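Spelled out, the chains give:
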Amino acid sequence: MELVLLTALGVGGATVFGSLIGFAFKKVSHKFSDIVLSFAAGVMLAAAVLGLILPSVEYGGKFGLLITVAGVFAGALCLNVVDKIVPHLHKLMGSDVEDHNNANLSRVLLFVTAIAIHNLPEGIAAGVGFGAGNTSQALLIAGGIALQNIPEGMVIIGPMLAAGVKPSKTFVCAMLTGLVEVVGTLIGYFAVSIASAILPFALAFAGGTMLYVISDEMIPETHAHGHQRGATYALLAGFCVMLVSDVLLG
């Protein structure tokens, strides 16, 4: 349990770490952000497949494949509903948000809220990994999610400061988005630990949410600023790093 809690704090703390970078540099280049985010997407892609979806098939027994497919689509549909409620992250990170002279506070706060809401299923994915009992896989999954949280924390800071939010309140907002992920991690862990029968579906559900975030949010964002070639290779590098780590630690 201590390891789960420490990992949850680490996953949420990655957002705070990213926000500190945002305070230091105020405006991070698109190229750097796209490369880091693409690498994280590659890590998360491998984590979703190797650490969540394939184990779901294995634990599901006779109907493992059917349960896994249902879980993946359920996870994706869940985030699709969330996207109906709040706009897509890559749309909120458009030119209107980055124009510091015309930053709109309500729009910026909506952007931060969207990040917080999307952090919940990512935290659940990390927690479910621990609930499955495979600590090394769970740590790799959590590491991939934490890596993705760093650029998210970075992009929160500039628009909020430009919108007139005090630095102290800006930092608190960044901390709250990370706290959502901590809560999600604990929810995922306890849900699977209490009801082990839902483990195959929960693993697939978490994998589906991660695949949705990668395809619907991360890849479009990293290919929107003219750095798609570098972003593609960064994604492949992240995937291969995760693959090698899985083999060595498995």
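Residues numbered from 1 in each chain as written. Predicted model: local features only at pLDDT ≥ 70, side-chain atom pairs only at ≥ 80, totals over all residues. Heavy atoms only, no water.

A. Representation of the overall build of the chain in the model. Regarding its fold elements, the chain presents ten helices and zero strands. In the chain, the succession of α and β elements from N to C terminus is α-α-α-α-α-α-α-α-α-α. Split into buried and exposed, the 250 residues of the chain put 48% on the buried side. In the chain, the share of contacts with a sequence separation of at least 24, taken over all contacts with a separation of at least 6, comes to 86%. Total accessible area on the chain is roughly 11,200 Å²; 71% of this is exposed by carbon and sulfur atoms. (Helix = DSSP H or I, 4+ residues; strand = E, 2+ residues; numbered from the N terminus. Buried < 20%, exposed > 50% of the residue type's maximum accessible area, 1.4 Å probe, protein only. Contact = heavy atoms within 4.5 Å. Areas by Shrake-Rupley, 256 points an atom, 1.4 Å probe, with all protein chains shown as cover.)

B. Structural view of the side chain of Thr209. Structurally, the position occupied by Thr209 is in helix H9 (residues 199–222). Exposure remark for Thr209: the relative accessible area of 3% places this residue in the buried category. Among the polar contacts made by the side chain of Thr209, one reaches the main-chain carbonyl oxygen of Ala206 at a distance of 2.6 Å. Non-local contacts of Thr209, meaning those with residues more than four positions away in its chain, are made with Gly75, Ala76, Leu79 and Pro121. (Polar contact = N/O pair within 3.5 Å; in protein donor to acceptor, adjacent residues only side chain to side chain.)

C. Geometry of the packing of helix H1 (residues 2–25) against helix H8 (residues 167–194). At a minimum axis separation of 8 Å, H1 and H8 run at an interaxial angle of 155°. Here H1 is positioned roughly antiparallel relative to H8, judged by the angle of their axes. Where H1 crosses over H8, the two elements pack in a sense that is right-handed. Where H1 approaches H8, its residues Val4, Leu5, Ala8, Leu9, Val11, Gly12, Thr15, Val16, Ser19, Leu20 and Phe23 are matched on the opposing element by Pro167, Thr170, Phe171, Ala174, Met175, Thr177, Gly178, Glu181, Val182, Thr185, Leu186 and Tyr189. Classifying every residue of the contact of H1 with H8 gives 15 nonpolar, seven polar and one charged. (Axes fitted to C-alpha atoms, helices over the stretch in contact; angles between N-to-C directions. Parallel < 35°, antiparallel > 145°, perpendicular 65-115°, else oblique. Left-handed = near helix turned anticlockwise from the far one by under 90°. Nonpolar A, V, L, I, M, F, W, Y, C, P; charged D, E, K, R; others polar.)

D. Layout of the nonpolar core. Residues Leu52, Ile145, Met210 and Met218 are the most contacted members of the largest nonpolar core, which totals 33 residues. Counting only elements with at least two residues in this core, the list comes to helix H2 (30–59), helix H3 (64–85), helix H6 (105–131), helix H7 (135–162), H9 and helix H10 (228–249). Apart from the residues within four sequence positions on either side, Leu52 is in contact with Ala47, Ala125, Ile141, Leu203, Ala204, Ala206, Gly207 and Met210. In this structure, Ile115, Ile156, Ile157 and Met160 belong to the second largest nonpolar core, which totals seven residues. (Core = buried A, V, L, I, M, F, W, Y, C linked by side-chain atoms within 4.5 Å.)

E. Looking closely at H9. In a regular helix each residue adds 1.5 Å, so 24 residues correspond to 34 Å; H9 covers 33 Å between its end C-alpha atoms and thus fits that length. Maximal helix bending in H9 amounts to about 35°, located at Ile214. Within H9, 17 of the 24 residues are buried, which leaves it mostly tucked inside the rest of the structure. (Expected span 1.5 Å × (residues − 1). Bend = angle between axes of the 7 residues up to and from the residue.)

F. Broad picture of the side chain of Thr177. Position of Thr177 among the secondary structure elements: in helix H8. Using a relative accessible area of 1% as the deciding quantity, one classes Thr177 as buried. Within the structure, the side chain of Thr177 is placed 2.6 Å from the backbone oxygen of Ala174, a separation counted as a polar contact. Contact partners of Thr177, with chain neighbours within four places excluded, come to Thr15, Val112, Ile115, Ala116, Asn119 and Ile156.

G. Fine view of the confidence of the model for the chain. Chain-level statistics for the chain give a pLDDT mean of 79 and a share of 84% at 70 or above. Within the model, pLDDT remains below 50 along residues 92–103, and this stretch shows 20 contacts once partners closer than five positions in the same chain are excluded. (pLDDT = per-residue confidence, 0-100.)

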